[in-house]
Amino acid sequence: MAMKISEQGVALIKSFESCKLTAYKALSTEEYYTIGWGHYGAEVKAGQTISQDEADALLSSDLQQFVMYTNTYTKTLNLNQNQFDALVSFCYNCGPKKLKELVNGRTPEEIAEHITDEPHTRSKGKVIAGLVRRRQEEKDLFCKGSEVKSMSIKVGSARIDENGKISGGSAGDQNGKEVSTQDYYLHSKGWYLLRPKSVEDADKLAASMLAACSNDNIGYDQSERLGIITQIQKYGSMAKIAVKTEADCGTLVRGCCIEAGFDPGNFTTSGEVTALSKTGRFENKIAVTSSTVLYNGDVLVTKTKGHTVIVVSGNPRKAKADQAAQTSTTSGNKKLEPDKAKSFDKTIAGTYRVKTALNLRLGASKMKTSIAIMAEGDKVQCFGYYTLADGKKWYLVQYKSLTGYCSSGYLIKE
């Protein structure tokens, strides 16, 4: 049976649209006039006015075609009402072609992950803040009240200055977003993946990028892009940089490499693959697709000059010798994986020291299976994920090459 959009879905669409009761042309070159909630066509005449009720009725009528497209493209997915409403809103804003591309061949989990991809937040080549907010609200609604969750892959990078420009802003991160983490997305130019050969390098790169994203002394400015290199060479780590400085996406990745123990030299994104490959510390590049599995410390760079990021919260890397240690036999040979974390907070990311002998468990409870006992003074790496249980935060951490949970009360941040 075909689904219908609910009042909740209509309200979401209205919250991002403007309603004008007098006919207008958004652009002088447009052939027809627009009226109400974006109703456009030959029947709208210059000087025409309508009531609010008429505007709402026109929107209801216009929505039917987008409801039809959404039903057609999602008929095999068994959506709930929240998911359907979110996709009608997406279709109304982006068009049926983009909706088809979003859902075709994907599971609900994959749709949730890709609804916020950068191509869906751009207009005329520029990322629009309003579209970023709209895609996030659609994603939140899509996941609300269901078992569908984001795959929680996050990347960190130097993105843009506080004025939305590539240069000219004040030193340091002025709004907490110039150098920051964000949900992973498929870039419109496509990504190449450069994966560190060693788990140690991968963990150091991810940790360094997370520290940079948490340090408001590090901002974005292409004209002052080498500032970060001077400071990382002086302070030794992103977390310790204590003066206002600037970076662009390329020099921030280089700075993370320096903190990890190697310097690929100066590069821009157009030459990044070559520069990183020459270090001998990365596997051969691969082209990223929607099915590519991403790991902590993976470096992504656009296929043509554009942008570069480091995966800071992906799938944990495991050394081959330790993969067997994470495999336990309860009934047959079944690999025990830690529970998925329920929350993310970039401010808790970092290296921690264990206060006393402590179990590393598969979930946020003393009742969960212990997979290792850590000694006092051992170090663990948290990438920002945690689960709240009985009023206590249990951090999802990496210990050597094992991944599991431990209570934050027994950890000291370095």
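Residues numbered from 1 in each chain as written. Predicted model: local features only at pLDDT ≥ 70, side-chain atom pairs only at ≥ 80, totals over all residues. Heavy atoms only, no water.

Draft legend 1. How the structure looks around the sheet that holds strand 8 (residues 191-194). Within the open sheet, the six strands sit side by side as 7-6-13-12-8-11. Their pairing is antiparallel. Either end of the sheet is taken by a strand with one partner, and the two such strands are strand 7 (179-183) and strand 11 (286-287). Strands in contact with helix 9 (residues 249-260) are strand 6 (154-158), strand 7, strand 12 (299-302) and strand 13 (308-313); relative to strand 13, the strand with the most contacts, it is inclined by about 50°. (Pairing = 2+ DSSP bridges. Helix = DSSP H or I, 4+ residues; strand = E, 2+ residues; numbered from the N terminus. Contact = heavy atoms within 4.5 Å. Axes fitted to C-alpha atoms, helices over the stretch in contact; angles between N-to-C directions.)

Draft legend 2. Here's a closer look at helix 1 (residues 7-16). Burial in helix 1 covers these residues: Gly9, Val10, Leu12 and Ile13. In a view along the axis of helix 1, the buried residues occupy a sector of 155°, so they form one face of it. Residues of helix 1 that are buried in the fold lie against helix 2 (52-73), helix 3 (81-94) and helix 6 (129-143). (Buried < 20%, exposed > 50% of the residue type's maximum accessible area, 1.4 Å probe, protein only. Arc of directions from axis to C-beta.)

Draft legend 3. A look at unusual backbone geometry. Even without being glycine, Asn78 reaches a positive phi, approximately 55°. Of note, Asn78 is situated in the loop between helix 2 and helix 3.

Draft legend 4. Representation of the packing of helix 7 (residues 199-214) against helix 9 within the structure. Relative to each other, helix 7 and helix 9 sit at 125°, their axes nearing to 8 Å. Taken as axis vectors, helix 7 and helix 9 run oblique relative to one another. Seen along the crossing, helix 7 lies across helix 9 with a hand that is right-handed. For the pair formed by helix 7 and helix 9, the contact residues are Asp201, Lys204, Leu205, Ser208, Met209 and Ala212 on the first element and Leu252, Val253, Gly255, Cys256, Cys257, Glu259 and Ala260 on the second. (Parallel < 35°, antiparallel > 145°, perpendicular 65-115°, else oblique. Left-handed = near helix turned anticlockwise from the far one by under 90°.)

Draft legend 5. Here's a closer look at the packing of helix 2 against helix 4 (residues 96-103). One way to put it is that helix 2 packs onto helix 4 with a least axis distance of 10 Å and a crossing angle of 25°. With respect to helix 4, the axis of helix 2 lies roughly parallel. Judged by the sense of rotation from one axis to the other, the crossing of helix 2 with helix 4 is right-handed. Two secondary-structure elements touch here, helix 2 through Tyr69, Thr70 and Tyr73 and helix 4 through Pro96, Leu99, Lys100 and Val103.

Draft legend 6. Broad picture of the nonpolar core. Counting 36 residues, the largest nonpolar core has Leu205, Met209, Ile218, Ile228, Met238, Leu252 and Val299 as the members making the most contacts within it. If we skip the residues at most four places from it in the chain, Met238 touches Ser208, Ala211, Ala212, Asn215, Ile218, Ile228, Ile232, Leu252, Gly255, Cys256 and Glu259. Counting 32 residues, the second largest nonpolar core, distinct from the first, contains Leu77, Leu79, Leu87 and Phe90. (Core = buried A, V, L, I, M, F, W, Y, C linked by side-chain atoms within 4.5 Å.)

Draft legend 7. Layout of the sheet that holds strand 3 (residues 39-41). One open sheet holds the three strands; their spatial order is 1-2-3, and the pairing between them is antiparallel. Across the chains shown, the open sheet's two edge strands, defined by having one partner strand only, are strand 1 (20-24) and strand 3. Neighbour-to-neighbour, the strand axes of this sheet turn through a mean angle of 15°, independent of strand direction.

Draft legend 8. Spotlight on the pattern of salt bridges. Applying the stated rule across the entire model yields 15 salt bridges. A salt bridge links Glu138 to Arg135; its shortest N-O distance comes to 2.7 Å. Taken together, the positions of Glu138 and Arg135, both in helix 6 and three residues apart, correspond to about one turn of that helix. Each of the two residues, Glu138 as well as Arg135, counts as buried. The residue Asp339 makes a salt bridge to Lys368 at a minimum N-O spacing of 3.1 Å. With Asp339 in the loop between strand 15 (334-335) and strand 16 (343-344) and Lys368 in the loop between strand 18 (358-361) and strand 19 (370-374), this residue pair connects regions lying 29 residues apart in the sequence. One network of salt bridges, with partners in common, ties together Glu17, Arg134, Arg135 and Glu138. (Salt bridge = Lys/Arg side-chain N within 4 Å of Asp/Glu carboxyl O.)

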